[in-house]
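Residue-level structural notes
Here's the letter readout for the chains.
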Amino acid sequence: MKEAVKEPSMPPAAPALGALALVALLLTGCTQPAPAPTGPGTTAEATSSPSPSVTESSPAPSPTPVVVAPERPAAMNDDGHEGAEAAAKYFQLLDPYMMKTGDTAEWEAMSHKECSTCSNRLEQARTIAENGDVFEGGETTVRVLHTYEQDEPTGGWPLDVEVNTAAVTITAPDGTVAAEFDEDQGRVRMELAHRNGQWYILGIAPLKEE
């Protein structure tokens, strides 16, 4: 998915009293009780019913959608190819969650310092959070296409992965659209390693078309 390009980033007025208030006043006049009869030496006392009060209401603000973090799969406890596949899927699912919430802790924990793609996405998530932008869309599905034999020198597991990403809109605090991306399908080569009970992403690169 492309990186967003940031460009520089008004509640509706409350409804005025109109026909509704007028109808209420007319109904009040029609239902007023008749004056009591007067007797000798007495004066009729005028009575009136209080007009119903009409209060203006403002539209309720739209609730902020709750973004749930992806569940860490139990298969990540495996230090072999099954664990590598589960970790690869989990890491890709963390991307839209991180962009929407600014919670980068899990992404950082799994990113190796040599993974430039990991650091670039991390920087973009931080920029979105610092600017107060809103990241919408980007729901992701992941499919492992092929898992290779473990690389003996590095201990890494190379995998080919297909990533499908829904359309994305990034909106600035003033309501202007900072960036938009269409839905996308891409294939990448990921390399992971298991060290000290933790899976790390060593690198992510676009898979060359054959």
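Provided above is the structure to which this section pertains.
So, here is what we can say about the structure in this document. No experiment lies behind these values; they were computed from the predicted model shown.

Side note on the sheet that holds strand 6 (residues 184-195)
Pairing is antiparallel across the open sheet formed by four strands, whose spatial order is 2-3-6-7. On the outer flanks of this sheet lie strand 2 (140-147) and strand 7 (198-206), each paired with one strand and no other. Sheet twist, expressed as the average angle between the axes of neighbouring strands with direction ignored, equals 35°. Pairing of strand 6 with strand 7 involves eight bridges; the strand directions are antiparallel. The partner of Arg 189 across the bridge, within strand 7, is Ala 205. Across the face of the sheet, helix 2 (residues 81-101) comes into contact with strand 2, strand 3 (156-165), strand 6 and strand 7 while running at roughly 150° to strand 2.

With respect to a negative patch on the surface
Residues Glu 180, Asp 182, Glu 183 and Asp 184 make up a contiguous surface patch of negative charge. Counting through the fold element by element, Asp 182 comes out in the loop between strand 5 (177-181) and strand 6. On the basis of relative accessibility, which here comes to 68%, the residue Asp 182 falls in the exposed class.

Thoughts on the sheet that holds strand 1 (residues 134-137)
Reading across from one edge, 1-4-5 is the order of the three strands in this open sheet, with antiparallel pairing throughout. The open sheet terminates on both sides in strands that have one partner only, identified here as strand 1 and strand 5. Going across the sheet, the axis of each strand differs from the next one's by a mean of 15°, ignoring polarity.

Calculation rules
- Residues numbered from 1 in each chain as written.
- Predicted model: local features only at pLDDT ≥ 70, side-chain atom pairs only at ≥ 80, totals over all residues.
- Heavy atoms only, no water.
- Pairing = 2+ DSSP bridges.
- Helix = DSSP H or I, 4+ residues; strand = E, 2+ residues; numbered from the N terminus.
- Axes fitted to C-alpha atoms, helices over the stretch in contact; angles between N-to-C directions.
- Contact = heavy atoms within 4.5 Å.
- Patch = residues over 30% accessible without salt bridge, like charges linked within 9 Å, V, L, I, M, F, W, Y side chains within 5 Å.
- Areas by Shrake-Rupley, 256 points an atom, 1.4 Å probe, with all protein chains shown as cover.
- Salt bridge = Lys/Arg side-chain N within 4 Å of Asp/Glu carboxyl O.
- Lys, Arg positive; Asp, Glu negative; His and termini not counted.
- Charge placed at Lys NZ, Arg CZ, Asp CG, Glu CD.
- Buried < 20%, exposed > 50% of the residue type's maximum accessible area, 1.4 Å probe, protein only.

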